[in-house]
Protein chains: 2
Amino acid sequence: MIKVFDDNYFMRQAILEAEKAYELGEIPVGAVVVANERIIARAHNNTEQLTDVTAHAEIIALTAAASFLGNKYLEDCTLYVTLEPCAMCAGALAWAKLGRLVYGASDDKRGFMQFGKRMLHPKTKVEFGIMMEESKILMTNFFRDRRKMV
Amino acid sequence: MIKVFDDNYFMRQAILEAEKAYELGEIPVGAVVVANERIIARAHNNTEQLTDVTAHAEIIALTAAASFLGNKYLEDCTLYVTLEPCAMCAGALAWAKLGRLVYGASDDKRGFMQFGKRMLHPKTKVEFGIMMEESKILMTNFFRDRRKMV
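Given the structure is predicted, the values throughout are model-derived calculations rather than measurements. (Residues numbered from 1 in each chain as written. Chains lettered and ligands numbered in written order. Predicted model: local features only at pLDDT ≥ 70, side-chain atom pairs only at ≥ 80, totals over all residues. Heavy atoms only, no water.)

**What to know about the overall build of chain A**
Each helix and strand in chain A was counted, giving 5 helices and 5 strands. If you list the helices and strands of chain A from N to C, you get α-β-β-α-α-β-α-β-β-α. For a compact globule of 150 residues, the expected C-alpha radius of gyration is about 15 Å, and chain A comes in at 15 Å, within 12% of that figure. Projecting the C-alpha coordinates of chain A onto the three principal axes gives extents of approximately 45 × 35 × 30 Å. For chain A, buried positions account for 53% of its 150 residues. (Helix = DSSP H or I, 4+ residues; strand = E, 2+ residues; numbered from the N terminus. Rg over C-alpha atoms; globule rule 2.2 N^0.38 Å. Buried < 20%, exposed > 50% of the residue type's maximum accessible area, 1.4 Å probe, protein only.)

**Comments concerning helix α3 (residues 57-69) of chain B**
All names here are of chain B. Under the 1.5 Å per step criterion, the end-to-end length of α3 is 18 Å for 13 residues, consistent within 8% with the ideal 18 Å. Listed in full, the buried residues belonging to α3 are Ala57, Glu58, Ile59, Ala61, Leu62, Ala65 and Ala66. In this structure, the buried side of α3 is in contact with β1 (30-35), β2 (38-44), β3 (78-83) and α4 (87-95). At the exit of α3 stands Gly70, carrying a positive phi of roughly 70°. (Expected span 1.5 Å × (residues − 1). Contact = heavy atoms within 4.5 Å.)

**As for the sheet that holds strand β3 (residues 78-83) of chain A**
By definition, the strands of a sheet pair up through backbone hydrogen bonds, in either a parallel or an antiparallel sense. Residue and element names in this part refer to chain A. Reading across the sheet, the 5 strands line up as β2-β1-β3-β4-β5 and stay open at both edges, with mixed pairing between neighbours. Unpaired on one side and paired on the other, β2 (38-44) and β5 (125-128) mark the two borders of the sheet. Between one strand and the next, the sheet's axes are offset by a mean angle of 15°, whatever the strand orientation. The pairing of strand β1 (residues 30-35) with β2 spans 6 bridges and is classified as antiparallel. Note on β2: the bridge partner recorded for Gly30 is His44. (Pairing = 2+ DSSP bridges. Axes fitted to C-alpha atoms, helices over the stretch in contact; angles between N-to-C directions.)

**Re the relation of the copies chain B and chain A**
Between chain B and chain A, which share one sequence, the superposing operator has a rotation angle of 180° and an axial displacement of 0.0 Å; the RMSD is 0.0 Å. Accordingly, the operation relating the two chain copies is best matched by a two-fold axis. Relative to the rotation axis, the C-alpha of Met88 of chain B is the closest in chain B, positioned 2.0 Å from it. Interface residue correspondence from chain B to chain A reaches 100%, placing this contact among same-surface, isologous pairings. (Least-squares fit on C-alpha atoms with pLDDT ≥ 70 in both.)

Purely spatial values, then, with no claim about function.
What follows is the structure in structure tokens.
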């Protein structure tokens with residue numbers, strides 16, 4: 001049987017969120033939170049619109065997911081995000097005891113992995129590289145457009 | 001001349017915030033953001049009330065400060081917080097390019113210093129130990145009371 005709702009499907013939804021950010025002039029990062037094969041939260045980076053450095057896609061998505069569930073712990077949830085989370089977001093995912101993290105492209109400069117996987121909760125499963133190219137292209141195009149504008 | 005608005009004065013204000021958290025059954029951590037010797041944001045830990053792991057005193061305070069200033073960067077601000085920030089909060093302070101961080105008690109388990117000072121922005125000045133005992137006593141009493149309740 002073909003599995004309709006697989007990691008590629010949900011990462012595609014995260015990319016759609018990233019594209020919304022792009023259109024708003026925000027660094028294009030998107031995220032969705034999934035529980036029982038159902039999307040319970042969607043968000044994109046919104047730091048410029050909100051004048052708030054904490055308004056990363058992951059932070060908004062996990063706050064929305066916790067609000068939806070009425071539970072601040074997301075042990076049975078998967079967060080899909082187009083880019084490797086930064087240290088702030090990894091710290092938030094650790095507090096939320098996230099069940100599973102799936103990210104697309106790596107972020108060598110700002111990604112949490114420079115501090116090691118111990119930034120996350122020890123029970124959080126991690127996968128990456130899902131639709132990596134699509135996420136990277138969005139980022140590359142965004143910064144290329146910005147340079148043109150300056 | 002006696003300086004009225006010194007680090008002790010502002011840390012006392014952060015402790016007052018922590019006491020509010022205590023009364024609400026929240027882990028007692030408080031913070032204030034100061035610009036030009038003026039408090040522009042006050043907050044306390046509110047994770048239980050908001051069902052949101054990201055609702056730490058520092059995150060709420062820096063979001064409020066950025067909103068007040070209309071600027072997401074807090075280069076000319078000092079954040080006073082009663083407890084050493086966690087990795088999530090340190091990551092947020094880094095994005096905000098915080099000018100100066102002053103914290104009271106250290107947090108060996110969850111504090112950002114386990115990952116090193118490089119978690120913060122390279123230009124952020126850091127001081128700690130201001131009114132450390134008062135902050136510690138609040139935490140110790142809080143967890144002692146909680147154990148009694150169980």
